[in-house]
Amino acid sequence: MKQLQYFLESQAFGVCSNLGEKLGFASSSIRLSFIYLSFLTFGSPVLVYLILAFWLNVRKHLRRERSTVWDV
């Protein structure tokens with residue numbers, strides 16, 4: 001069970017952990033809130049999660065490709 005938890009936390013886009021770092025909340029509480037909201041609103045937060053995951057992935061690629069003047 002710990003291996004599954006580690007895989008999901010490290011490979012599932014990192015949206016909840018990133019939000020937790022930015023907002024100062026524990027990522028586990030953000031995950032639980034996301035799960036509860038998904039059940040209450042019939043899955044609409046899944047769309048928000050996928051949009052955030054896409055945005056984080058784009059930001060990561062833009063930061064990686066950015067170079068300085070001194071790079072040749």
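Residues numbered from 1 in each chain as written. Predicted model: local features only at pLDDT ≥ 70, side-chain atom pairs only at ≥ 80, totals over all residues. Heavy atoms only, no water.

Engineer: Describe the packing of helix 2 (residues 15-23) against helix 3 (residues 27-40), with residues and values.
Structural biologist: The relative placement of two packed helices is expressed as an angle between their axes plus a distance between the axes. Two elements in contact, helix 2 and helix 3, have axes whose closest approach is 8 Å; the angle formed by their N-to-C orientations is 125 degrees. Looking at the two axes, helix 2 sits oblique to helix 3. Judged by the twist between their axes, the crossing of helix 2 over helix 3 is right-handed. Between helix 2 and helix 3, the contacting residues are C16, S17, L19 and G20 on the first element and S27, I30 and R31 on the second. For the contact of helix 2 with helix 3, the class distribution of residues is three nonpolar, three polar and one charged. (Axes fitted to C-alpha atoms, helices over the stretch in contact; angles between N-to-C directions. Helix = DSSP H or I, 4+ residues; strand = E, 2+ residues; numbered from the N terminus. Parallel < 35°, antiparallel > 145°, perpendicular 65-115°, else oblique. Left-handed = near helix turned anticlockwise from the far one by under 90°. Contact = heavy atoms within 4.5 Å. Nonpolar A, V, L, I, M, F, W, Y, C, P; charged D, E, K, R; others polar.)

Engineer: Give a description of the nonpolar core that names residues and reports values.
Structural biologist: Counting six residues, the largest nonpolar core is built from V15, C16, I30, Y49, A53 and L56. For this core, the secondary-structure elements that each account for two or more residues are helix 2 and helix 4 (44-65). In terms of residues, this core owes the most to one element, helix 4, which gives three residues. Setting aside residues no more than four positions away along its own chain, C16 makes contact with S27, I30, R31 and Y49. (Core = buried A, V, L, I, M, F, W, Y, C linked by side-chain atoms within 4.5 Å. Buried < 20%, exposed > 50% of the residue type's maximum accessible area, 1.4 Å probe, protein only.)

Engineer: Give a detailed account of helix 3, specifying residues and quantitative values.
Structural biologist: The first and last C-alpha atoms of helix 3 sit 20 Å apart over 14 residues, in line with the 20 Å expected at 1.5 Å per residue. Just downstream of helix 3 lies F42, where phi reads positive at about 60 degrees. (Expected span 1.5 Å × (residues − 1).)

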